[in-house]
Amino acid sequence: GADNLTWFFHVDDSSQPRKPWNSIRSYYPGDRYVDWVGVSVYGPLTPGDPWGPGFAADMRRVYPELTSLSSKPIALLEFGALQGRRKAGGFKAALRSVASRRFPRIKAISVWSESWKNGDGSRSNLRIDSDRHTLKTYRRGVDRRVFTSRPRFRPG
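Residue positions are given per chain, counted from 1 along the sequence in the order it is written. Local features in this predicted model are restricted to residues whose pLDDT is 70 or higher, and side-chain atom pairs enter the listing and the counts only when it is 80 or higher, whereas totals over whole chains, interfaces and linings include all residues. Note: side-chain values were computed over all heavy atoms of the structure, leaving out hydrogens and water.

A.B. asks: In this structure, what is going on with the sheet that holds strand S1 (residues 8-12)? I would like to understand it.
C.D. replies: Neighbouring strands of a sheet are bound in pairs by backbone hydrogen bonds; such pairs are parallel or else antiparallel. Pairing is parallel across the open sheet formed by four strands, whose spatial order is S1-S2-S3-S4. A single partner strand is all that each edge strand has here, and the edge strands are S1 and strand S4 (106-111). For this sheet, the mean inter-axis angle between neighbouring strands, taken without regard to orientation, is 25°. The rule for pairing is simple: two strands pair if DSSP sees at least two bridges between them. The helix count covers DSSP runs of H or I at least four residues long, the strand count covers runs of E at least two residues long, and both are numbered beginning at the N terminus. Note on geometry: axes are C-alpha line fits, over the in-contact stretch for helices, and angles between N-to-C directions span 0 to 180 degrees.

So, in structure tokens, the structure goes:
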């Protein structure tokens, strides 16, 4: 009976295992049940994880699949990376990519800003304020007209 909810279908940009049965399309319940299509795109999450090709390359791979799946708006629901030398540059490149409207169906972004202790005793710091340079880069990146508007809570 709840009629005031917004439903997201949320996937990772890279399905594991990479098998035909494990495609995004295999899990999509249909536009009738979903208000938004969400995707997570990460840099490294734990010490020793490699940096991948980058946000734009990851999105170029998954975006066509998301847009062919549905006409619903797309939200970048989790976006983050482990603290390190490349974090600020990764945020800068990703925000520029979205601001350029290269991926025009992206209508919302949520940054994963969390820190935790891993099982091996190492720490994963994905916080947006993990260092001054990253925070400054993020603030500059989102200080663009494309990222500011009146909030809308309905797809469209």
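A.B. asks: What is the right way to look at the nonpolar core in this model?
C.D. replies: What tends to happen in soluble globular proteins is that the nonpolar side chains get buried as a cluster. Within the largest apolar cluster, 23 residues are counted, with the highest numbers of intra-cluster contacts made by Phe9, Ile24, Val39, Phe55, Met59, Leu66 and Ile74. When contributions to this core are tallied by element, the ones reaching two or more residues are S1, strand S2 (36-42), helix H2 (55-69), strand S3 (74-80) and helix H3 (87-99). If one sorts the elements of this core by residue count, H2 sits on top with six residues. Contact between two residues is taken to exist if any of their heavy atoms lie within 4.5 Å; hydrogens are not considered. In this structure, Phe9 is in contact with Ile24, Tyr27, Tyr28, Pro29, Val34, Trp36, Val37, Gly38 and Leu69, ignoring residues within four places of it in sequence. The nonpolar core is taken to be a set of buried Ala, Val, Leu, Ile, Met, Phe, Trp, Tyr and Cys residues, with the residues joined through side-chain atoms within 4.5 Å. Per-residue accessibility, obtained with a 1.4 Å probe over protein chains only, is compared with the maximum for each type, and a residue is labelled buried under 20%, exposed over 50%, and partly exposed between these values.

A.B. asks: What am I meant to see in the layout of surface pockets here?
C.D. replies: Gaps left between atoms show up when a probe the size of a water molecule is rolled over them. Estimates place the volume of the second largest pocket at around 470 Å³. Lining residues are those with an atom within 4 Å of a point, where the points come from a 1 Å grid over the protein atoms alone and group into cavities, where a 1.4 Å probe fits but cannot get out, or pockets, open sets with protein on both sides within 12 Å along at least five of seven lines. As for the second largest pocket, its lining consists of 29 residues, and the residues nearest its centre are Tyr42, Gly43, Gly54, Phe55 and Asp58. Top element by residues in the lining of the second largest pocket is H3. It accounts for six residues. Here the nonpolar group is Ala, Val, Leu, Ile, Met, Phe, Trp, Tyr, Cys and Pro; Asp, Glu, Lys and Arg are the charged ones; every other residue, Gly included, is treated as polar. Split by residue class, the lining of the second largest pocket holds 14 nonpolar, eight polar and seven charged. Grid points are joined across faces, edges and corners, and a volume is the space filled by probe spheres set on the points.

A.B. asks: Can you walk me through the environment of Asn125 in this structure?
C.D. replies: Within the secondary structure, Asn125 sits in strand S6 (residues 123-125). Measuring from C-alpha to C-alpha, the distance between Asn125 and Trp112 comes to 10 Å, with 13 residues separating the pair along the chain. Leave out the neighbours within four places in its chain, and Asn125 touches Ala81, Leu82, Gln83, Lys87, Glu114, Ser115 and Ser130.

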